[in-house]
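Architecture at a glance
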Amino acid sequence: LKLPHQQRGAAAVSLVERQVLVLREKHATLEKKLYELIENGRANDAIVDRMHRLTRRLLRARDAAGLVAALEASLREDFGASHWVLVLTDLSLTGLAGLHNPHVRAVPKGSAELRIFEPFFEPARPRSGQIRDTQRDYLFGGEGSQVGSTVLIPLGDRGAYGLVAIASPDTERYLPTMSTDFLVRIGETITEAIAARGA
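Only a predicted model underlies this, so the values are computations on that prediction, with no experimental measurement involved. (Residues numbered from 1 in each chain as written. Predicted model: local features only at pLDDT ≥ 70, side-chain atom pairs only at ≥ 80, totals over all residues. Heavy atoms only, no water.)

As a further point, take the packing of helix H2 (residues 64-77) against helix H6 (residues 181-197). At a minimum axis distance of 9 Å, the contact between H2 and H6 shows a crossing angle of 160°. On the basis of their axis angle, the class for H2 and H6 is roughly antiparallel. Relative to H6, the crossing made by H2 is right-handed. Residues Ala 64, Leu 67 and Leu 71 of H2 form the contact with H6, whose own contacting residues are Ile 190, Ala 193, Ile 194 and Arg 197. Its residues assigned to classes, the contact of H2 with H6 comprises six nonpolar, no polar and one charged. (Axes fitted to C-alpha atoms, helices over the stretch in contact; angles between N-to-C directions. Helix = DSSP H or I, 4+ residues; strand = E, 2+ residues; numbered from the N terminus. Parallel < 35°, antiparallel > 145°, perpendicular 65-115°, else oblique. Left-handed = near helix turned anticlockwise from the far one by under 90°. Contact = heavy atoms within 4.5 Å. Nonpolar A, V, L, I, M, F, W, Y, C, P; charged D, E, K, R; others polar.)

This is the structure in structure tokens:
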């Protein structure tokens, strides 16, 4: 909309001109918000699809070895994990605890080596971003230098079964500001699968 009475350098601005400028600014802001909502919706749809594939893979697992294979496939293919490890603290799950697998580490609850994770187990909420060097080295060993960002997800009520750690070489992949709602659901899904197939 062009207003013929607009004069450059004029100290006064007409009411109509001011209203048009305000409406344009509001329109631009609303367009930006709409675009962000659409992008967030698409991102959430993609995550829901990945979670669905994870759930189906875990349901198809027949035993503890199949469960770990399903996690390996899903975390790498669907969630872009370069490294991951399941730290199992409930050793009554003998099927999982007895597996000789580089992705599964069975450690008795209350073990001294788990003290570095006490701040994580206290609230028992998923955490994303950077982790301490000692935690990174414990979880990923010699491959820890390739880890840029990590997600820690407690398994079971207050981490009763342990935790799963997922790592990416990208420092921006898992940020502390990201929402943990989907991580909670992933943890619940893996926990149910462990309870059903881990013994």
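This next bit is on the pairing of strand E5 (residues 162-168). With seven of seven residues buried, E5 lies mostly within the body of the structure. Residues Gly 162, Val 164, Ile 166 and Ser 168 of E5 are buried on one face, and the alternating residues Leu 163, Ala 165 and Ala 167, pointing to the opposite face, are buried as well. Note: strand E1 (residues 83-88) against E5, six bridges, orientation antiparallel. Following the sheet pairing, His 83 is matched in E5 by Ala 167. Here seven bridges tie strand E4 (residues 149-155) to E5, and the two strands are oriented antiparallel to one another. When the bridges of E5 are listed, Ser 149 appears paired with Ser 168. Hairpin connection, E4 to E5: the antiparallel pair is bridged by six residues, and Gly 156 has positive phi, about 85°. (Buried < 20%, exposed > 50% of the residue type's maximum accessible area, 1.4 Å probe, protein only. Pairing = 2+ DSSP bridges.)

No statement about biological role is implied by the geometric values presented.
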